[in-house]
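Chain by chain, the residues:
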Amino acid sequence: MICGKHYGSPWFRKHAQLGSKLVNLFIIVTQFGFCCAYFVFIGANIYEVMVEYLDDDSTLHKMLIQDPHNSQRVIMSILVIPFCALSSIRNLDHLAPFSAVANLATGISVAFIFSYLIPHSQDTSEFPKVQSFKNFALFFGAACFSFEGISVVLPLENNIDKPEDFPFVLNIGMFFVTVLYVTMGVLGMLVLL
């Protein structure tokens with residue numbers, strides 16, 4: 001809102017409050033979309049793990065195989081309860097233990113993924129020089145999805161002891177995230193060749 005009051009056309013300055021509400025609306029829509037994608041992703045992965053590791057003769061395994069789409073919907077419906085409970089925690093200090101466990105699980109999973117990707121990488125001579133526009137759109141969506149946490153990260157600036165250090169911390173964090181995504185993407189493409 002402050003930016004709208006000081007920059008732009010006179011009409012824009014006069015309606016700065018509308019701009020602020022519009023930005024908040026877009027953040028809500030974006031976060032809702034990402035949360036829906038997370039639910040689908042988590043439900044599909046839990047389904048795959050259950051199908052893989054449950055005994056083939058068990059009743060639950062037969063139900064999962066019989067109707068995979070509804071099985072994933074049931075899994076997602078069950079996940080709504082703990083996710084809503086976690087989402088209702090407003091104090092970031094109370095979320096720190098959950099974040100630590102999630103970061104540990106992410107680190108372990110990335111180590112497992114790299115331990116598979118590195119030995120299975122292939123020669124890059126067969127890699128196409130230019131991809132189709134369809135693949136670029138897929139890349140753009142994945143990149144936006146990967147860096148969508150900015151609306152969650154920015155409120156942290158208000159909660160840290162030295163807000164003037166926040167740009168440095170954010171840049172370092174984004175650098176490591178970018179290196180991790182690029183490395184995993186390149187190794188993943190080398191395995192798929």
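Residues numbered from 1 in each chain as written. Predicted model: local features only at pLDDT ≥ 70, side-chain atom pairs only at ≥ 80, totals over all residues. Heavy atoms only, no water.

Draft legend 1. Up close: the overall build of the chain. Scanning the chain from N- to C-terminus turns up ten helices and zero strands. Each helix and strand of the chain, ordered N terminal to C terminal, gives the series α-α-α-α-α-α-α-α-α-α. Counting every position in the chain, which comprises 193 residues, the buried fraction comes to 13%. Counting only contacts in the chain whose residues sit at least 6 apart along the sequence, the fraction spanning at least 24 positions is 62%. Total accessible area on the chain stands at roughly 15100 Å², and carbon and sulfur atoms take up 71% of it. (Helix = DSSP H or I, 4+ residues; strand = E, 2+ residues; numbered from the N terminus. Buried < 20%, exposed > 50% of the residue type's maximum accessible area, 1.4 Å probe, protein only. Contact = heavy atoms within 4.5 Å. Areas by Shrake-Rupley, 256 points an atom, 1.4 Å probe, with all protein chains shown as cover.)

Draft legend 2. View of the packing of helix α3 (residues 16-53) against helix α5 (residues 68-87). The N-to-C vectors of α3 and α5 enclose an angle of 120°; their axes lie 8 Å apart at closest approach. Relative to α5, α3 is oriented so that their crossing is right-handed. Contacts between α3 and α5 pair Phe-39, Val-40, Ile-42, Gly-43, Ala-44, Ile-46, Tyr-47 and Met-50 from the former with Pro-68, Ser-71, Gln-72, Ile-75, Met-76, Leu-79, Val-80 and Phe-83 from the latter. Tallied by class, residues from the contact of α3 with α5 come to 13 nonpolar, three polar and no charged. (Axes fitted to C-alpha atoms, helices over the stretch in contact; angles between N-to-C directions. Left-handed = near helix turned anticlockwise from the far one by under 90°. Nonpolar A, V, L, I, M, F, W, Y, C, P; charged D, E, K, R; others polar.)

Draft legend 3. Here's a closer look at the packing of aromatic side chains. Here the structure, examined in full by the defined rule, presents two aromatic pairs. With a centroid separation of 5.0 Å and an interplanar angle of 70°, the aromatic rings of Phe-39 and Phe-83 are classed as edge-to-face. With Phe-39 in helix α3 and Phe-83 in helix α5, this residue pair connects regions lying 44 residues apart in the sequence. You can call Phe-83 partly exposed: its relative accessible area is 27%. Seen in terms of ring centroids, Phe-175 and Phe-176 are 5.6 Å apart; in terms of plane orientation they differ by 70°. Their pairing is edge-to-face. Phe-176 sits in the exposed class, given a relative accessible area of 55%. (Phe/Tyr/Trp six-rings, centres within 6.5 Å; stacked < 30°, edge-to-face > 60°.)

Draft legend 4. A look at helix α6 (residues 92-120). Over its 29 residues, α6 extends 40 Å from the first C-alpha to the last, a length consistent with the 42 Å expected when each residue adds 1.5 Å. When the local axis directions of α6 are compared, the greatest deviation, roughly 30°, occurs at Phe-98. Listing the buried residues of α6 in full gives Val-110, Phe-114 and Leu-117. (Expected span 1.5 Å × (residues − 1). Bend = angle between axes of the 7 residues up to and from the residue.)

Draft legend 5. The arrangement of α3 in detail. Taking 1.5 Å of rise per residue, 38 residues should cover 56 Å, and α3 covers 55 Å from first to last C-alpha, within 8% of that figure. Inspection of α3 places Ala-16, Gln-31, Phe-34, Phe-39, Gly-43, Tyr-47 and Val-51 among the buried residues, and these make up the whole buried set.

Draft legend 6. Structural view of the nonpolar core. One finds Phe-39, Tyr-47, Val-51, Leu-64, Ile-75, Met-76 and Leu-79 forming the largest nonpolar core, which totals seven residues. At the level of secondary structure, the elements contributing two or more residues to this core comprise α3 and α5. Contact partners of Leu-79, with chain neighbours within four places excluded, come to Phe-39, Ile-42, Gly-43 and Ile-46. With five residues, the next largest nonpolar core counts Val-110, Phe-114, Leu-187 and Val-191 among its residues. (Core = buried A, V, L, I, M, F, W, Y, C linked by side-chain atoms within 4.5 Å.)

Draft legend 7. A look at the side chain of His-61. One can find His-61 in helix α4 (residues 59-66). Exposure remark for His-61: the relative accessible area of 9% places this residue in the buried category. Apart from residues lying up to four places away in sequence, His-61 is in contact with Met-50, Val-51, Leu-54, Asp-55 and Asp-56.

Draft legend 8. Highlighting the environment of Leu-156. Within the element layout of this structure, Leu-156 appears in helix α9 (residues 156-159). Each C-alpha atom of the pair Leu-156 and Leu-92 lies 8.5 Å from the other, and the pair is 64 residues apart in sequence. Not counting the four nearest positions on each side in its chain, Leu-156 is found in contact with Leu-92 and Phe-166.

Shape descriptors only; they carry no functional weight alone.
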